[in-house]
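# Structural description and commentary
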Amino acid sequence: MSEDIQSFTISVYTENNIGLLNRISAIFQRRHINIESLTTSQSEIDGVNRFVIVVNICEDTACKIVKQIEKQVETIKAYYHTEDETIFTESCMFKIKSDLLFNEPQIQNIIKESYARIVTVNKEFFVLEKSGRRNEIESLRGDLNRFGIMQFVRSGRIAVTKDQMKITELLTAFDNQ
């Protein structure tokens, strides 16, 4: 296993129980590992949730963390993947003063060139939505910062693996219990 620090996406399939998020985050906290991104959602099977956690660590540490997460009673299965093994994206929203949309032609060019989408417009503000890689979102944020951003929010990573995961059979068996 490589000792090089790299970005790993850790997928955790769990039952939906109170307190599990605290216990999972404590595993990272005890090892002094910063969670770069954390997203939870329903998985492909009803009643089973999926955590998508992004961390910058070495592969040996990723393997140990996955094993420790799997010791949690509510955890069905956990995996770790490199960026090359996943297809991933993030989303964000920007709230910007409306007068800039009409008075600054550069804003319209920035929106068009970044493939951002206007979600809503009113007299005081407009809202942009952008999905993509973090570097694309940060680039757009940098471009818009000089005009003034009223609010900004970015989601955590959502990801699927390129290879088929055996989790589907495992989840189907879990669902049939």
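Quick notes on the rules
Residues numbered from 1 in each chain as written. Predicted model: local features only at pLDDT ≥ 70, side-chain atom pairs only at ≥ 80, totals over all residues. Heavy atoms only, no water. UniProt positions renumbered as here; feature names shortened; annotations may be inferred. Pairing = 2+ DSSP bridges. Helix = DSSP H or I, 4+ residues; strand = E, 2+ residues; numbered from the N terminus. Axes fitted to C-alpha atoms, helices over the stretch in contact; angles between N-to-C directions. Contact = heavy atoms within 4.5 Å. Left-handed = near helix turned anticlockwise from the far one by under 90°. Patch = residues over 30% accessible without salt bridge, like charges linked within 9 Å, V, L, I, M, F, W, Y side chains within 5 Å. Areas by Shrake-Rupley, 256 points an atom, 1.4 Å probe, with all protein chains shown as cover. Salt bridge = Lys/Arg side-chain N within 4 Å of Asp/Glu carboxyl O. Expected span 1.5 Å × (residues − 1). Buried < 20%, exposed > 50% of the residue type's maximum accessible area, 1.4 Å probe, protein only.

Per an unreviewed UniProt entry, the protein chain is named Acetolactate synthase small subunit, and its organism is Algibacter pectinivorans. Listed under Subunit (unreviewed entry) in UniProt, the entry text for the protein chain is "Dimer of large and small chains."

## Digging into the pairing of strand E2 (residues 35-42)
As paired elements, E2 and strand E3 (residues 48-57) share 7 bridges and run antiparallel to each other. Bridging from a neighbouring strand, Thr 40 pairs with Phe 51 of E3. Here E2 folds back onto E3 in antiparallel fashion, the turn holding 5 residues, of which Gly 47 has a positive phi close to 85 degrees.

## Re the sheet that holds strand E1 (residues 6-15)
Pairing within the open sheet is antiparallel, and its 4 strands lie in the order E2-E3-E1-E4. Unpaired on one side and paired on the other, E2 and strand E4 (75-82) mark the two borders of the sheet. Direction aside, neighbouring strands of the sheet carry axes that sit 15 degrees apart on average. Sheet topology places E1 next to E3; 10 bridges connect them, and they run antiparallel. Looking across to E3, one finds that Ser 11 is bridged to Val 52. Packed onto the sheet, helix H2 (residues 59-70) meets E1, E3 and E4 and runs at close to 170 degrees relative to E4.

## Quick notes on the packing of helix H1 (residues 20-30) against H2
As a packed pair, H1 and H2 sit with axes 10 Å apart at the nearest point and diverge in direction by 145 degrees. Here H1 runs over H2; the crossing is right-handed. Residues Ile 24, Ile 27, Phe 28 and Arg 30 of H1 form the contact with H2, whose own contacting residues are Ile 65, Gln 68 and Ile 69.

## Notes on a nonpolar patch on the surface
Where nonpolar side chains cluster on the molecular surface, the patch consists of Met 93, Val 119 and Val 153 and spans about 240 Å² of accessible area. Along the polypeptide, Val 153 turns up in strand E8 (residues 151-154).

## Details of helix H5 (residues 134-145)
With 12 residues, H5 should reach 16 Å at 1.5 Å per residue; the first-to-last C-alpha distance of 16 Å fits that figure. Structurally, H5 contributes buried residues whose contacts are with strand E5 (86-97), helix H4 (105-114), strand E7 (125-132) and E8.

## With respect to the pairing of E4
With 6 of 8 residues buried, E4 is to be regarded as a mostly interior element. As defined by bridge partners, E1 adjoins E4 across 7 bridges and the pair is classed as antiparallel. Looking at the pairing, Ile 10 lines up with Tyr 80 of E4.

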